[in-house]
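# Overview (structure and organization)
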Amino acid sequence: MFCVFINARYANEKLMHIGHNFLSENLDVNILSGFISLHAYHITPNKGLGVMCFDSQKNLEKNMIPLKEIFSDYEDRFNCKITIDTGIENRDLWLDL
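Report on the accompanying structure. Every chain is numbered on its own, with residues counted from 1 as its sequence reads. In view of the model being predicted, local features appear only for residues whose pLDDT reaches at least 70, and side-chain atom pairs are presented and counted only at 80 or more, with totals across whole chains, interfaces and linings using the full set of residues. To get the side-chain values, take all heavy atoms of the structure and skip hydrogens and water.

Let's shift gears to the overall build of the chain. The helix and strand tally for the chain stands at two helices and four strands. Helical segments are the DSSP runs of H or I of at least four residues, strand segments are the runs of E of at least two, and each set is numbered from the N terminus. Its helices and strands in sequence order give the chain the pattern β-α-β-β-α-β, from N to C terminus. Compactness check: the chain gives a C-alpha radius of gyration of 14 Å against a globular reference of 13 Å for 97 residues, within 12% of the reference. On the principal axes, the C-alpha backbone points of the chain span a range of 35 × 35 × 20 Å. Put simply, the radius of gyration uses C-alpha atoms, and a globule should come to 2.2 Å times the residue count raised to 0.38.

Structure below.
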């Protein structure tokens, strides 16, 4: 799967939960071509990670502009810094623990 990794660092850790709820209520994934899944993780009290997966490299690239717009607005609303990276999820490398 082709993934977008969204790293968020909040100036005020109390806004992280509010921001997460805002995204879960307002992010319309139906506008994202080839969208497969979204997972969100709280790494530390002021850091979060979102992983969005798409079915192809082409759809990942196509969705980068709308995602950057969405998360630029999110940065302003929730006083955080967002960095977006892309990569590939290789399930063959998963460990069975």
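There is more to say after this.
Attention now goes to the layout of surface pockets. Residues are said to line a cavity or pocket when one of their atoms sits within 4 Å of a point; the points come from a 1 Å grid over protein atoms alone, cavities being sets where a 1.4 Å probe fits but cannot get out and pockets being open sets with protein on both sides within 12 Å along at least five of seven lines. Grid points are joined across faces, edges and corners, and a volume is the space filled by probe spheres set on the points. Roughly 310 Å³ of volume is contained in the largest pocket. Taken together, 20 residues line the largest pocket, and the ones lying closest to its centre are His20, Leu23, Ala40, Leu49 and Gly50. Of the residues forming the lining of the largest pocket, the biggest block, five residues, is contributed by strand E2 (residues 35-44).

This brings us to the sheet that holds strand E4 (residues 80-88). In a beta sheet, neighbouring strands pair by backbone hydrogen bonds and run either parallel or antiparallel. Strands qualify as paired when DSSP identifies two bridges or more between them. The antiparallel open sheet is built from four strands, whose spatial order is E2-E3-E1-E4. The open sheet terminates on both sides in strands that have one partner only, identified here as E2 and E4. Pairwise comparison of adjacent strand axes, ignoring direction, gives a mean angle of 15 degrees for this sheet. Bridge count for strand E1 (residues 2-10) against strand E3 (residues 47-54) is eight bridges, and the pairing is antiparallel. Residue pairing in the sheet places Ile6 in a bridge with Gly50 of E3. Lying over the sheet, helix H1 (residues 14-26) contacts E1, E2 and E3, oriented at roughly 165 degrees with respect to E2. We call two residues in contact whenever any of their non-hydrogen atoms come within 4.5 Å of each other. Axis lines are fitted through C-alpha atoms, for helices just across the contact stretch, and the angle between N-to-C directions can take any value from 0 to 180 degrees. In the packing of helix H2 (residues 57-78) onto the sheet, contacts are made with E1, E3 and E4, and the angle to E4 comes to roughly 165 degrees.

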